[in-house]
Amino acid sequence: MARRGHRPSQALGGRPRFWGRHAVTAALANPERVVRKMWATREALAGLDIPPVIPITYAEVTDLARLVPGDAPHQGLVIEVDPLDDIWLGDLLQQGADDKRPLLVLDQVTDPHNVGAILRSAAAFDALGIITQDRHSPPESGTIARSASGALELVPWVRVINLSRALEEIAEAGFWRIGLAGDTEQTLAQTMGEARVALVLGAEGEGLRHNVAEHCDQLARLPISPKMESLNVSNAAAIALYAVTTRG
């Protein structure tokens with residue numbers, strides 16, 4: 001997969017730290033991930049195959065707790081990593097030219113827990129990748145890696161400057177762009193058709209911005225009960241991905 005180097009904002013922000021067995025072992029297994037340091041208990045390291053180039057500091061559980069936020073469940077493993085290199089949108093679209101895997105486009109979804117959960121669902125349903133606007137999405141972090149449960153290393157994540165222009169490029173690649181919104185009559189099942197689908201989701205509360213919605217081919221809703229006004233964006237993404245991947 002063609003990549004194009006680290007973004008300046010990543011370099012200025014320093015290296016992220018990941019914690020927890022799923023996030024750490026997935027990072028170690030990813031040949032494109034550079035792991036710079038590791039802190040671990042001897043018990044947590046048992047059975048793990050750590051490359052000899054990674055310096056390991058043996059530590060107690062209480063010492064590791066000082067390396068992660070709050071009461072983060074580190075499970076005896078903490079690593080410091082380089083962010084993954086950026087991916088060109090055109091490369092991702094070309095990679096998926098011969099299949100119907102869905103794309104996820106996130107419009108200003110900034111909560112790292114939600115982004116991590118969406119990455120996890122994207123991996124579970126074999127999505128082609130996720131696309132976010134660089135200025136309005138969280139950087140790689142331990143919180144995202146933990147919430148993604150390893151999927152941060154598996155799902156291509158494209159960051160773009162202009163989301164509307166990206167949606168135009170996505171349409172040119174043959175995707176049917178469906179924006180999820182609660183105030184429309186048609187359901188997702190009624191709008192999918194048989195084309196390649198790009199699901200466009202907005203931030204919880206604000207929803208899709210007007211210009212982003214204008215760059216969707218159709219708006220659709222999930223058929224949830226009127227007893228609930230909306231779903232969490234990560235839950236909506238999981239349901240929508242299931243609907244797309246199981247369509248007849």
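Residues numbered from 1 in each chain as written. Predicted model: local features only at pLDDT ≥ 70, side-chain atom pairs only at ≥ 80, totals over all residues. Heavy atoms only, no water.

## Some words on the overall build of the protein chain
Alright, step 1. Secondary structure assignment for the protein chain yields 11 helices and 10 strands.
Alright, step 2. The C-alpha radius of gyration of the protein chain comes to 19 Å, within 12% of the 18 Å expected for a compact globule of 248 residues.
Alright, step 3. Counting only C-alpha atoms, the protein chain reaches 55 × 40 × 35 Å along its principal axes.
Alright, step 4. By the burial criterion, 48% of the 248 residues in the protein chain qualify as buried.
Alright, step 5. In the protein chain, the share of contacts with a sequence separation of at least 24, taken over all contacts with a separation of at least 6, comes to 76%. (Helix = DSSP H or I, 4+ residues; strand = E, 2+ residues; numbered from the N terminus. Rg over C-alpha atoms; globule rule 2.2 N^0.38 Å. Buried < 20%, exposed > 50% of the residue type's maximum accessible area, 1.4 Å probe, protein only. Contact = heavy atoms within 4.5 Å.)

## Let's talk about the environment of Ala 181
Alright, step 1. Position of Ala 181 relative to the elements: it lies in the loop between β8 (175-180) and α9 (188-191).
Alright, step 2. For the pair Ala 181 and Ala 213, spaced 32 residues apart in the sequence, the C-alpha separation amounts to 9.0 Å.
Alright, step 3. The residues contacting Ala 181, other than those within four sequence positions of it, are Ala 220 and Arg 221.

## Observations concerning the environment of Ile 178
Alright, step 1. As for its placement among the helices and strands, Ile 178 is situated in strand β8.
Alright, step 2. Each C-alpha atom, one on Ile 178 and one on His 215, is 9.4 Å from the other, the two residues being 37 residues apart in sequence.
Alright, step 3. Once residues within four sequence positions are removed from consideration, Ile 178 is found in contact with Leu 188, Thr 191, Met 192, Val 197, Ala 198, Leu 199, Val 200, Cys 216, Gln 218 and Ala 220.

## What about the pattern of salt bridges?
Alright, step 1. All told, the structure shown has 11 salt bridges when counted by the stated rule.
Alright, step 2. Close ionic contact of Asp 82 with Arg 36 constitutes a salt bridge, the shortest N to O distance being 2.8 Å. A residue pair is termed long-range when its members are at least 10 positions apart, and Asp 82 in the loop between β4 (77-81) and α5 (89-95) and Arg 36 in strand β2 (residues 35-40) qualify at 46 residues.
Alright, step 3. Residue Arg 159 is joined to Asp 134 by a salt bridge in which the shortest nitrogen-to-oxygen separation is 3.9 Å. Pair noted here: Arg 159 is in strand β7 (residues 157-160) and Asp 134 is in the loop between β6 (129-133) and α7 (142-148), with a separation of 25 residues, a long-range link.
Alright, step 4. Several salt bridges share partner residues, and in doing so they unite Arg 15, Arg 17, Arg 36, Glu 80 and Asp 82 into one network. (Salt bridge = Lys/Arg side-chain N within 4 Å of Asp/Glu carboxyl O.)

## As for the confidence of the model for the protein chain
Alright, step 1. Averaged over every residue, the pLDDT of the protein chain is 89; residues scoring 70 or more account for 93%.
Alright, step 2. Across residues 1-13, confidence stays below pLDDT 50; counting only partners more than four residues off in sequence or on other chains, it has 27 contacts. (pLDDT = per-residue confidence, 0-100.)

## Remarks on the sheet that holds strand β10 (residues 218-220)
Alright, step 1. Spatial strand order, β7-β6-β5-β9-β8-β10: 6 strands in an open sheet with parallel pairing. Looking at strand neighbours, the two that pair on one side only are β7 and β10, the edges of this open sheet. Across the sheet, the mean angle from the axis of one strand to that of its neighbour is 25 degrees, orientation sign disregarded.
Alright, step 2. Two elements, strand β5 (residues 103-107) and β6, share 4 bridges in a ladder whose sense is parallel. Note on β6: the bridge partner recorded for Leu 103 is Gly 129. (Pairing = 2+ DSSP bridges. Axes fitted to C-alpha atoms, helices over the stretch in contact; angles between N-to-C directions.)

## Re the nonpolar core
Alright, step 1. Membership of the largest hydrophobic core comes to 45 residues, with the highest contact counts inside it found for Leu 119, Leu 188, Leu 199 and Leu 201.
Alright, step 2. Here this core gets 6 residues from one element, more than from any other, and that element is helix α11 (residues 233-245).
Alright, step 3. When near neighbours in sequence (up to four residues on either side) are disregarded, Leu 201 contacts Leu 104, Val 105, Leu 106, Asp 107, Val 109, Leu 180, Leu 208, Val 233, Ala 236 and Ala 237.
Alright, step 4. Leu 128, Ile 131, Val 158 and Phe 175 belong to the second largest nonpolar core, which has 21 residues in total. (Core = buried A, V, L, I, M, F, W, Y, C linked by side-chain atoms within 4.5 Å.)

## Re the side chain of Ser 121
Alright, step 1. Here Ser 121 shows up in helix α6 (residues 112-124).
Alright, step 2. Those residues in contact with Ser 121, other than ones at most four positions away along the chain, are Ala 238 and Leu 241.

## Details of the pairing of β7
Alright, step 1. Burial of β7 is two-sided: the residues Trp 157 and Arg 159 facing one way and the residues Val 158 and Val 160 facing the other way are all buried.
Alright, step 2. Bridge analysis of β6 against β7 gives 4 bridges, and the strand direction is parallel. Each bridged residue has a counterpart across the sheet, and for Ile 130 the counterpart in β7 is Trp 157.
Alright, step 3. Crossover handedness for the path β6 to α7 to β7: right-handed. (Right-handed = clockwise from strand over helix to strand, strands pointing away.)

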